[in-house]
Amino acid sequence: MTIQGTEPETGITPGGTAGAFKDVLAKDHARRGKPPVHLVDMDTAEREAAAKSIGMPRFRVKQLANHYFAHYDTDVASFSDFPSKQSQIAQDTFFPELIHEVTHQVADAGTTIKTLWRLFDGAMIESVLMRYPTRTTLCISSQVGCGMGCPFCATGQLGLTRNMSTGEILEQVRIAARTCRDGGIAGGPCRLSNVVFMGMGEPMGNYRSVISAVRQISAMPPEGFGISARNITVSTVGVVPGIRKLAAEGLPVRLAVSLHAPSDQLRDELVPMNRRFNTTQVLDAAHDYYRATKRRVSIEYALMRGINDQAEHATLLAKRLNHYGDDWAHVNPIPLNPIEGSKWTASKPEDERRFLDILHHAGITATLRDTRGQDIDGACGQLSAKYRPTA
């Protein structure tokens, strides 16, 4: 069954094939075909048509969806309310295996789990599950690789291979929710409460699948997982058309903008996408998002020693944000996480403190990001989907 859509399937962002910055593509970009179609890739009419094609009554579709979203289960043969003679064909039609665990690594006394997944075409992606005292957050991938080319980010060095389907995105969420329920993370059973699109890929480059995933994460069972949209964060390096489209969706998700520099001259070097959408365009769009949704925007800022972490950078950042005249942004300075072979290093602790002090004195809300999973390359900017056998 073919799922129709208006968004390009390549994952290339608007304007990404020409101009001052072209998306960085992996050598095998978009040559692998599309993933098998899953229940969550279909709308209601498509699900019912698929059911009819295998001789299954329409009401069974809702049963399958309820098992998926409410119980995190795809093993149709184990469903006591489903006829065994139809279980295999229903399994094949609605629940093809989309992601398969290759390995996982644990850090932070068992409260951080990074999982390496193999997709249908052999591509690899990663997700990170993190438990905190008051919440449990899953960081998920939306693309195989990334085309943004940020030099301090491991994923950015891979180039973009392809978009992920809605099914591939949501399977990360389902399995993490089941892990939490079953006590598979340190601290005992819990509930997956937050989802952040901050793993591999630029979410705005895969807009249609990401928005479909967001709607199904936040809808109540049997239409979705029932995780509040207010607990979902969509991150971007500053793809302005995507920010503006998201603002019009009517979804109260949090927007996170990976800014990393307060000036165009510096950001052109750190975030190549800035050559297409500059800091003024990005901040204008982000502020408009705040005005449309009343949700404060997160400004992500990786602190790099001697590059963007000095007093003048903090002062200019505060000036740029205060230009809009309202308390619209929350800055998350992030201690840079090292990646193999990189010339970029983390800031000195005293420079981190000074950076925060300057923002606070200027009236900017700012919190130094808690770094999780650094020792397993699971922290911000470290995901590279490499298989590392454990000893």
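So, how was this worked out
Residues numbered from 1 in each chain as written. Predicted model: local features only at pLDDT ≥ 70, side-chain atom pairs only at ≥ 80, totals over all residues. Heavy atoms only, no water. Domains from an automatic or database assignment. Contact = heavy atoms within 4.5 Å. Buried area = accessible area lost by both parts, 1.4 Å probe. Salt bridge = Lys/Arg side-chain N within 4 Å of Asp/Glu carboxyl O. Polar contact = N/O pair within 3.5 Å; in protein donor to acceptor, adjacent residues only side chain to side chain. Helix = DSSP H or I, 4+ residues; strand = E, 2+ residues; numbered from the N terminus. Buried < 20%, exposed > 50% of the residue type's maximum accessible area, 1.4 Å probe, protein only. Pairing = 2+ DSSP bridges. Axes fitted to C-alpha atoms, helices over the stretch in contact; angles between N-to-C directions. Phe/Tyr/Trp six-rings, centres within 6.5 Å; stacked < 30°, edge-to-face > 60°. Lys NZ or Arg CZ within 6 Å of the ring centre and 35° of its normal.

As a further point, take the domain arrangement of the protein chain. Partitioning the protein chain into structural domains gives domain 1 (44–95) and domain 2 (100–376). Here the C-alpha centroids of domain 1 and domain 2 sit 34 Å apart. With 11 residues of domain 1 at the interface, the matching set in domain 2 holds 12 residues. Summed over both partners, the interface of domain 1 with domain 2 buries about 990 Å², with 61% contributed by carbon and sulfur atoms. When the buried surface of domain 1 facing domain 2 is broken down by residue, Y68, F69 and Y72 rank first, second and third, together holding 69% of it. Here domain 1 and domain 2 share zero salt bridges between them. The interface formed by domain 1 and domain 2 includes three residue pairs in polar contact (both at pLDDT 80 or more). For the side of domain 1 that touches domain 2, the element with the highest residue contribution is helix α2 (residues 59–71), accounting for seven residues.

Attention shifts here to the side chain of D23. By the secondary structure assignment, D23 is in the segment before α1 (44–53). Look at D23 and you get buried, because its relative accessible area is 8%. A polar side-chain atom of D23 sits 2.9 Å from a polar atom in the side chain of R276. The residues touching D23, leaving out its near neighbours within four places in the chain, are G11, I12, T13, G16, G147, M148 and R276.

Next up on the list: unusual backbone geometry. Residue P222 is reached from P221 by a cis peptide bond, and omega for that bond is 10°. Within the element layout of this structure, P222 appears in the loop between α5 (207–218) and β8 (232–236). Notably, Y72 is not glycine yet its phi reads approximately 60°, a positive angle. Among the structural elements, Y72 can be located in the loop between α2 and α3 (84–94). When its relative accessible area of 16% is taken as the criterion, Y72 is described as buried. Backbone geometry at H260 places phi at a positive 70°, although glycine is not the residue there. The topology assignment puts H260 in the loop between β9 (254–258) and α7 (264–270). Classification of H260 as buried rests on a relative accessible area of 8%.

This part is about the pattern of salt bridges. Within the structure shown, the criterion is met by 12 salt bridges. The salt bridge partner of R162 is D121, with a shortest N-O separation of 2.7 Å. Placement of R162 in strand β6 (residues 159–163) and of D121 in the loop between β2 (112–119) and β3 (124–131) is noted, with a sequence separation of 41 residues between them. Like R162, the residue D121 is buried in the burial classification. Between E168 and R162 there is a salt bridge, and its shortest N-O distance comes to 2.9 Å. The burial state of E168 is the same as that of R162; both residues are buried.

A few words on the side chain of N332. Tracing the backbone through its elements, the reader meets N332 in strand β11 (residues 329–335). Side-chain polar atoms of N332 contact the side chain of E300, separated by 3.0 Å. With near-sequence residues (within four places) excluded, N332 lies in contact with S298, I299, E300, Y301, T367 and R369.

With that settled, consider the sheet that holds β11. Strands sit in the order β1-β2-β3-β4-β7-β8-β9-β10-β11-β12 across an open sheet of 10 strands; the sheet is mixed. Here the strands that pair on one side only, and so sit at the sheet edges, are β1 (99–107) and β12 (365–366). The pairing of β1 with β2 spans eight bridges and is classified as antiparallel. Following the sheet pairing, V106 is matched in β2 by I113. Sheet contacts for helix α4 (residues 166–181): β1, β2, β3, β4 (136–139) and β7 (194–197); angle to β3, the most-contacted strand, approximately 35°.

Another aspect to go through is the environment of N308. Mapped onto the fold, N308 is located in the loop between β10 (297–303) and α9 (311–322). Residue class for N308 comes out buried when judged on its relative accessible area of 0%. Along the primary structure N308 and P57 are separated by 251 residues, whereas in three dimensions their C-alpha atoms are 60 Å apart. Not counting residues within four places of it along the chain, the set of residues in contact with N308 comprises H260, L266, L270, Y301, A302, L303, H313 and F355. A distance of 2.7 Å separates a polar atom in the side chain of N308 from the backbone oxygen of H260.

The subject of this paragraph is the packing of aromatic side chains. Given two aromatic rings, one states the distance between the centres and the angle between the planes to describe the pair. Scanning the model with the defined rule gives seven aromatic pairs in all. Ring plane angle 15° and centroid distance 5.7 Å describe the contact between Y68 and F95, whose orientation is recorded as stacked. Of this pair, Y68 sits in helix α2 while F95 sits in the loop between α3 and β1, and the two are 27 residues apart along the sequence. Accessibility classification places Y68 together with F95 in one group, the buried group. Ring-pair connections join several aromatic residues into one group, and the members of that group are Y68, F69, Y72, F95 and F225. Sitting over the face of the ring of F82, R60 holds its NZ or CZ atom 5.5 Å from the ring centroid. Looking at K245, its charged tip hangs above the ring of Y207, at a distance of 4.3 Å from the centre.

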